[in-house]
Amino acid sequence: VGAQVGDERFERKIEVKEYVLPKFKVELVTDREYYLPGEKMKGVVNARYFFSKPVEGSLLVTAFTYEVSSKTIATISGRTDGEGSFSFEFQLPSYFVGLPIEQGKGLLFLNITVTDTAEHSETVTRSLPVAASALMLEVIPEGRAVKQGVENNLFILTYYPDGTPAPSTVTVNGKRLRTDEVGFATVKVVPPSQGAFAVTVTAEDAEGNRAYVSKKLTVENGTEQIRLVSDRSVFKVGEVARLEILY
């Protein structure tokens with residue numbers, strides 16, 4: 001499989017094998033749904049045949065991440081106990097490469113292979129987000145450029161690295177408000193002039209986790225502006241949207 005971005009080309013070989021029905025199920029339970037760099041990761045592997053009998057056998061856990069290429073973080077081997085379980089833990093590195101497609105978060109991959117006494121192996125792979133902060137904050141303008149001299153909506157999102165909403169207290173250029181139960185808020189700002197308009201946003205959740213974003217927004221030239229304003233920021237399929245044209 002190949003992909004090209006500008007003058008750079010990336011290729012990766014993918015092995016294609018005949019599909020074989022699995023003989024047993026391998027599950028991974030982790031102590032958290034996301035991690036911060038440098039934290040200790042703990043997990044439990046459970047392996048059972050489809051008729052519920054525990055799997056007895058060997059096990060290999062490989063933890064890795066992607067930078068320029070795959071980078072192994074830890075390799076742990078062992079054997080399942082009488083219940084078909086195996087517990088493990090390891091320390092995460094203090095640095096992960098953030099990925100644009102993951103909104104700047106890194107990814108931790110866990111590859112788990114269990115082999116039973118009949119030498120049959122089953123493998124599962126799971127990815128977990130690794131973020132620089134426990135609280136994520138996004139600031140999204142309603143358009144590609146904000147309008148000079150009139151009210152513009154900024155959409156504020158607060159959430160945890162696993163995507164769970166994080167209701168938080170937010171300050172936008174000195175104005176204080178809260179994101180709702182789904183981690184969403186709308187604030188109105190009035191850019192004073194053309195060029196660039198700076199927005200500084202801080203957020204803090206109930207646990208004291210904090211996030212900070214400073215963003216420059218492009219201001220559309222001209223004093224005569226047309227804006228299309230909806231009565232709500234979020235709609236469900238089939239609902240009626242009421243729009244107002246401001247000039």
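The sections below set out a description of the structure shown in this document. (Residues numbered from 1 in each chain as written. Predicted model: local features only at pLDDT ≥ 70, side-chain atom pairs only at ≥ 80, totals over all residues. Heavy atoms only, no water.)

What follows is about the environment of Leu107. Locating Leu107 in the fold gives a position in strand β8 (residues 106-116). The exposure class of Leu107 is buried, given its relative accessible area of 15%. As a C-alpha pair, Leu107 and Ser127 span 20 residues in sequence and 6.3 Å in three-dimensional space. Filtering out sequence-adjacent residues up to four positions away, Leu107 remains in contact with Phe64, Thr65, Phe96, Leu99, Glu102, Leu128 and Pro129. (Helix = DSSP H or I, 4+ residues; strand = E, 2+ residues; numbered from the N terminus. Buried < 20%, exposed > 50% of the residue type's maximum accessible area, 1.4 Å probe, protein only. Contact = heavy atoms within 4.5 Å.)

We now examine the pattern of salt bridges. Evaluated as defined, the whole model comprises eight salt bridges. The salt bridge partner of Arg126 is Glu33, with a shortest N-O separation of 3.3 Å. Pair noted here: Arg126 is in strand β9 (residues 121-130) and Glu33 is in the loop between β3 (24-30) and β4 (40-49), with a separation of 93 residues, a long-range link. In this structure, the salt-bridge partner of Lys40 is Glu89, at a minimum N-O distance of 3.3 Å. In this pair, Lys40 is assigned in strand β4 and Glu89 in strand β7 (residues 85-91), connecting sequence segments 49 residues apart. For Lys40, a relative accessible area of 39% corresponds to the partly exposed category. (Salt bridge = Lys/Arg side-chain N within 4 Å of Asp/Glu carboxyl O.)

Bringing the environment of Leu110 into the picture now. Mapped onto the elements, Leu110 comes out in strand β8. Given the relative accessible area of 0%, Leu110 is considered buried. C-alpha of Leu110 to C-alpha of Ala74: the two residues are 36 residues apart in sequence and 9.4 Å apart in space. Excluding residues that lie within four positions of it along the chain, Leu110 makes contacts with Leu28, Met41, Val61, Thr62, Ala63, Phe90, Val124, Thr125, Arg126 and Leu128.

Together, Val1, Ile14 and Val16 make up an exposed nonpolar region whose accessible area comes to about 370 Å². Note that Val1 resides in the segment before β1 (2-5). Overall, Val1 belongs to the exposed group, its relative accessible area being 70%. (Patch = residues over 30% accessible without salt bridge, like charges linked within 9 Å, V, L, I, M, F, W, Y side chains within 5 Å. Areas by Shrake-Rupley, 256 points an atom, 1.4 Å probe, with all protein chains shown as cover.)

One open sheet accounts for four strands, arranged β6-β5-β8-β9; its pairing is antiparallel. Since the sheet does not close on itself, it has two edges, and those belong to β6 (70-79) and β9, each with one partner. Ignoring which end each strand starts from, the neighbouring axes of this sheet average 15 degrees apart. As judged from the ten bridges shared by β8 and β9, these two strands associate in the antiparallel manner. (Pairing = 2+ DSSP bridges. Axes fitted to C-alpha atoms, helices over the stretch in contact; angles between N-to-C directions.)

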